[in-house]
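# Architecture at a glance
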Amino acid sequence: MSNESKQDRGWSLTNPRHRFLRAKPDATQTDGLTSGLLVLVQTISAIILLLLCCVIWLSFIEGRPGDPDMILSANNYREILGSAFTWQVMLNTIGFSLVTILVAMIFGLPIAWLVERTDFPGRSIVFTLMTLGMLIPGFAIAMGWLFMLHPRIGLVNVWLRQTFGLMDPVLNIASILGMGWVQGLSLAPVAFIMTAAVFRAMDPSLEEAAQMSGASRGKIFFRITTKLAWPGILAAGLYIFTMGFAAFDVPAIIGWGNRIYTFSTYLLLQLKPDDSTPRFGMAAALSTLVIGLALALSFWYARMQKQSGRYQTISGKAYRPNRLRLGHWRYSAWLLVGLYLILSKLLPILLMIWASLLPFFQMPSFAALKNISLDHYTKDLPWELIFDGMRTTVLLMLIVPTLTIFASFAFSWIVLRTNLRGRHWFDLIAFLPHAVPGIIFGVSTLLFALYVAGPKIPLFGSIFSLAIVMLVARLSYGTRMTNSGLMQLHRELEESATTSGASTGAMIVKIIAPLMAPTFIYAWLWIALLTFRELTLAVVLTTRDNMTLPVVVWSLWLSGGLGTASALTLILLVIMLPVIGLYWFVSRKRGLMI
């Protein structure tokens, strides 16, 4: 038999006669599993759009949907826009967000530069602490700062009054400036993470040239480094602004009792007013206006990203990731890092510990030490309510990350591994929860459960409503992670499995899933931690039947139990420690912490 006939009897991926085997399969012809994933993606996309459409529709409703006297009108908008208090709330929110950006950048930006661009010692420790710092609930930091700078009981103000005989508080945390300061401390790790990636990829040649010309480090940082990193800095600032605009934890803990409202707390006030029935129509109208603002900011961000090429400085062989030597400036660098960690983490936690051990909050003294006890932990905590909240929280920690990762993979598979028409719209829809403040999805879920689902679908007050809205809120993060993981896997692996006769399900289970397991585990743990500490979404949808632990903390604080709320917050932080430790271990394994 000739060599040619022998080759004809076999086949090879490299044989020119069998190159058709290397062609991509027609992804428009979906198999059963892909069709199932497509149905899941379509269902979740429909839920996201339905929630947004529901809140927009209800913003034009007067009366209860289904009642004979229900009419469509713009009265809710007229009332919202015609209220001077609404405009004051919007000004408060903008001012609060701008202060948040300023404080977050003052700490996050220099620390990111120190870690990525200099020979700063202990870089891995700082990177780890900054990353894990994002997991500490904002309401915990706010409680600590309120104990320090409350106009009446704050330690600093009490000391100033006793020492200098002052009548009025000198430093009042219960203000837009004070709340922005605390929120900025809480979000400085976000500024750090986002700008660290920019500094890491920057060509240092211009900085080195300026240094050789005699420029000081301050001039180099402000005139060269920050200008080259401007797109990344602007993106971080825009992201922090949107987070500040939608923030609830800090304004609720500090501002609620002093009637200083921002968007999120004002929105909750419409849903749960103290002196009247809920104003759902006004809440829907306010949410609709902010949806428009959020989409406009997202469009601006996209336009900015398209122009980022003008600032690219990495240029092939010229790129040398050298680090600047700090010399004696390393002591000042450690002072900045230490100051931030003390102000944002250590000091608030110590003050909460102090408050949890006293019958009422008071200045440290020998007399106060005699009153220390564990009564807040053993006698005052509502343990039955806490156990119910713990049960709900643990269930959500198991359900939400699991469903989110599964749904995120389905989105990524449809978008990246099929040629279906319009598939990129699914990726855009998955990104909407990132652009639109999460509390709006909480409001839309509440309104949907009350007015659309009604008694036929018992969503109101159920754990399922919480699971749905938390899944929607985390979907944008989950899809970014699964998109990244799936894009790193070459299609040849899948083509080889398909050629060997493997089904799509077998290929995903035996090839894709094991290779993406680190991504799945990392994302699962992060979403689980965010679910555990979630207050904003839970406080909108919570009832006695589906109360979570953070909502129990909020209820205790709102009722005046400052010491009891501090004790429960510390218990909550202790419970988080094992999961944070596991997250740190997985992150180190994946190389996400240097």
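In this text, all values refer to a predicted model and were calculated from it rather than measured experimentally.

## Thoughts on the overall build of the protein
Regarding its fold elements, the protein presents 26 helices and two strands. The buried share of the protein, taken over its 594 residues, is 52%. Total accessible area computed for the protein in this model is approximately 28,000 Å², and 66% of it derives from carbon and sulfur atoms.

## Side note on the packing of helix H4 (residues 84–117) against helix H5 (residues 123–133)
In the contact formed by H4 and H5, the axes pass within 9 Å of each other and the chain directions differ by 140 degrees. With respect to H5, the element H4 is oriented oblique. Crossing angle aside, the handedness with which H4 passes H5 is left-handed. When H4 is examined against H5, the residues Ile111, Val115 and Glu116 are found in contact with a partner set consisting of Arg123, Val126, Phe127 and Met130. Of the residues assigned to the contact of H4 with H5, the class counts are five nonpolar, no polar and two charged.

## Overview of empty space enclosed by the protein
With a probe scaled to a water molecule rolled over the atoms, the places where space remains empty come into view. Summed over all chains, the structure comprises one cavity of 30 Å³ or more. Lining the largest cavity are Ile136, Ala140, Ile141, Ser344, Lys345, Pro348, Ile349 and Met352. Of all the elements in the fold, those that place two or more residues in the lining of the largest cavity are helix H6 (138–149) and helix H15 (330–356). The element that contributes the greatest number of residues to the lining of the largest cavity is H15, accounting for five residues. Partitioned by chemical class, the residues of the lining of the largest cavity number six nonpolar, one polar and one charged.

## Brief notes about the pattern of salt bridges
Within the structure shown, the criterion is met by five salt bridges. Of the charged contacts, one joins aspartate 388 and arginine 391 as a salt bridge, the two residues approaching to 3.0 Å between their closest N and O atoms. Taken together, the positions of aspartate 388 and arginine 391, both in helix H18 (residues 383–417) and three residues apart, correspond to about one turn of that helix. Taking the relative accessible area as the measure of exposure, arginine 391 reaches 48% and is therefore partly exposed. Among the charged side chains, a network of salt bridges with common partners joins Asp388, Arg391 and Arg544.

## Topic: a nonpolar patch on the surface
A cluster of nonpolar side chains, contributed by Ile56, Trp57, Phe60, Leu72 and Val452, occupies part of the molecular surface with about 450 Å² of accessible area. Looking at where valine 452 falls in the secondary structure, it is placed in helix H20 (residues 438–453). In this structure valine 452 comes out as partly exposed when scored by relative accessible area, which is 43%.

## Digging into the state of the cysteines
Each disulfide consists of one covalent bond between the sulfur atoms belonging to two cysteines. One pass over the full model with this rule turns up zero disulfides. For the unlinked cysteine cysteine 53, the closest cysteine sulfur is that of cysteine 54, found at 8.9 Å. The class of cysteine 53 is partly exposed, set by a relative accessible area of 48%. We classify cysteine 54 as buried; its relative accessible area is 5%.

## Topic: the nonpolar core
In globular proteins that are soluble, nonpolar side chains generally tend to be buried together. Counting residues in hydrophobic clusters, the biggest one holds 189 residues, and the most contacted among them are Trp145, Ile254, Phe263 and Val540. If one sorts the elements of this core by residue count, H4 sits on top with 15 residues. Other than its neighbours up to four places away in sequence, valine 540 contacts Leu268, Leu271, Lys272, Ile439, Gly442, Val443 and Leu446.

## Describing the packing of aromatic side chains
Scanning all chains against the criterion turns up 23 aromatic pairs. Ring centres of phenylalanine 409 and phenylalanine 520 lie 5.9 Å apart, and the angle between their planes is 85 degrees; on these two criteria the pair is classed as edge-to-face. On the criterion of sequence distance, the pair formed by phenylalanine 409 in helix H18 and phenylalanine 520 in helix H23 (residues 504–533) is long-range, its members being 111 residues apart. Accessibility assignment for this pair places phenylalanine 409 and phenylalanine 520 in one class, buried.

## Quick word on the confidence of the model for the protein
Across the protein, the average pLDDT comes to 84, with 88% of residues at 70 or higher. Of the regions scoring below 50 in pLDDT, residues 1–29 engages in 24 contacts with residues more than four places distant in sequence or in other chains. Here residues 308–319 scores under 50 on pLDDT; set against residues more than four positions off or in separate chains, the count is 18 contacts.

## Comments concerning the environment of aspartate 375
Assignment of secondary structure puts aspartate 375 in helix H17 (residues 375–380). For the pair aspartate 375 and alanine 567, spaced 192 residues apart in the sequence, the C-alpha separation amounts to 9.8 Å.

Parameters and conventions
- Residues numbered from 1 in each chain as written.
- Predicted model: local features only at pLDDT ≥ 70, side-chain atom pairs only at ≥ 80, totals over all residues.
- Heavy atoms only, no water.
- Helix = DSSP H or I, 4+ residues; strand = E, 2+ residues; numbered from the N terminus.
- Buried < 20%, exposed > 50% of the residue type's maximum accessible area, 1.4 Å probe, protein only.
- Areas by Shrake-Rupley, 256 points an atom, 1.4 Å probe, with all protein chains shown as cover.
- Axes fitted to C-alpha atoms, helices over the stretch in contact; angles between N-to-C directions.
- Parallel < 35°, antiparallel > 145°, perpendicular 65-115°, else oblique.
- Left-handed = near helix turned anticlockwise from the far one by under 90°.
- Contact = heavy atoms within 4.5 Å.
- Nonpolar A, V, L, I, M, F, W, Y, C, P; charged D, E, K, R; others polar.
- 1 Å grid on protein atoms, 1.4 Å probe; cavity = no way out; pocket = protein on both sides within 12 Å on 5 of 7 lines; lining within 4 Å.
- Points joined across faces, edges and corners; volume = space filled by probe spheres on them.
- Salt bridge = Lys/Arg side-chain N within 4 Å of Asp/Glu carboxyl O.
- Patch = residues over 30% accessible without salt bridge, like charges linked within 9 Å, V, L, I, M, F, W, Y side chains within 5 Å.
- Disulfide = S-S within 2.5 Å.
- Core = buried A, V, L, I, M, F, W, Y, C linked by side-chain atoms within 4.5 Å.
- Phe/Tyr/Trp six-rings, centres within 6.5 Å; stacked < 30°, edge-to-face > 60°.
- pLDDT = per-residue confidence, 0-100.

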